[in-house]
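# Remarks on the overall topology
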Amino acid sequence: MNINQIAIFHGPLREKFGIPRQSGLAGSLEGSVELCGEYAREEALRGLEGFDRIWLIWGFSANSHVGWSPTVRPPRLGGNKTVGVFASRSPFRPNPLGLSCVRLERIEGTRLIVRGADLMDGTPIYDIKPYVPYADAFPEAAGGFTDSVGWETLEVVLPENDVLSEDDAQALRQILAQDPRPQYQDDPKREYGMAYGRFNVRFRVEGNILTVTEILPEQHSGKVAD
């Protein structure tokens, strides 16, 4: 079977660090899906404007070279318990494909403006399908270990700034509240850096409080500073 890239995702998260662990967790995070090549045809999107949400099938392009593992350590379980890869949404899969449900804001020609994606800028998109509530929603379904292990969000302290728009600030709060740090790191003196749009966001975490210390222009890069 051949699988062709039909579109590319554009968004403010340019590195894996900081990407929401699931779609919808940062509902204000805006991005776009741009059809490309022979698939960049407006008629291919005809009728999609009537749907509130869409499914994106995409590729784990940033780590597709790493290979797969039969067992993984989900962040939801603290990073110290293993489950089978097929009981997880880990990127380390036999076929590095991801599935995300995002809100469709509007269509601009051959570009879809979406919110809530858990994708890195430049992610290849392999298919787009409409979300159909009567067939795709099962609120009563069991969620495995995710039902018994809650995800505690952080309180985010974001200082007043004049570089981020109100929408960007709201999206950044939602991203940081999910705690982008590796689960094994819990050092309140350690400073982290996350690329967000044209900026590098520096922050520290103590207890359940994440404090943004600086928002710098993008030339100030680097993921972690001790």
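This report concerns the structure included in the present document. Since this is a predicted model, take the numbers as computed values, not measurements.

## A closer look at the sheet that holds strand β8 (residues 124-130)
A barrel is described by the order of its strands in space; here 6 strands give the closed sequence β1-β2-β7-β6-β3-β8, paired in antiparallel fashion. Here the strands of the sheet are splayed against their neighbours by 45° on average, with no regard to which way each runs. Two strands pair when backbone bridges link them, and strand β3 (residues 53-59) and strand β6 (residues 97-108) are joined in this way by 7 bridges, in the antiparallel orientation. Directly across from Trp-58, in β6, lies its bridge partner Gly-98.

## Looking at the layout of surface pockets
Within this model, the largest pocket holds a volume of roughly 2,000 Å³. Residue lining of the largest pocket: 50 residues in total, with Arg-21, Pro-75, Arg-89, Ser-90 and Pro-91 positioned closest to the centre. With 5 residues, β6 is the single largest residue contributor to the lining of the largest pocket. Roughly 280 Å³ of volume is contained in the second largest pocket. The wall of the second largest pocket is formed by 16 residues, among which Glu-152, Leu-154, Asp-179, Arg-181 and Gln-183 lie closest to the centre. Here the lining of the second largest pocket is built from residues that sort into 5 nonpolar, 6 polar and 5 charged.

## Topic: the environment of Pro-182
Among the secondary structure elements, Pro-182 is positioned in the loop between α3 (166-177) and β10 (191-196). The spacing of Pro-182 and Val-85 is 97 residues in sequence and 19 Å in space, taken between C-alpha atoms.

## Structural notes on a nonpolar patch on the surface
A cluster of nonpolar side chains, contributed by Met-1, Ile-3 and Leu-97, occupies part of the molecular surface with about 380 Å² of accessible area. For Ile-3, the location among the structural elements is in the segment before β1 (7-10). What makes Ile-3 partly exposed here is its relative accessible area of 45%.

What counts, and at which threshold
Residues numbered from 1 in each chain as written. Predicted model: local features only at pLDDT ≥ 70, side-chain atom pairs only at ≥ 80, totals over all residues. Heavy atoms only, no water. Pairing = 2+ DSSP bridges. Helix = DSSP H or I, 4+ residues; strand = E, 2+ residues; numbered from the N terminus. Axes fitted to C-alpha atoms, helices over the stretch in contact; angles between N-to-C directions. 1 Å grid on protein atoms, 1.4 Å probe; cavity = no way out; pocket = protein on both sides within 12 Å on 5 of 7 lines; lining within 4 Å. Points joined across faces, edges and corners; volume = space filled by probe spheres on them. Nonpolar A, V, L, I, M, F, W, Y, C, P; charged D, E, K, R; others polar. Patch = residues over 30% accessible without salt bridge, like charges linked within 9 Å, V, L, I, M, F, W, Y side chains within 5 Å. Areas by Shrake-Rupley, 256 points an atom, 1.4 Å probe, with all protein chains shown as cover. Salt bridge = Lys/Arg side-chain N within 4 Å of Asp/Glu carboxyl O. Buried < 20%, exposed > 50% of the residue type's maximum accessible area, 1.4 Å probe, protein only.

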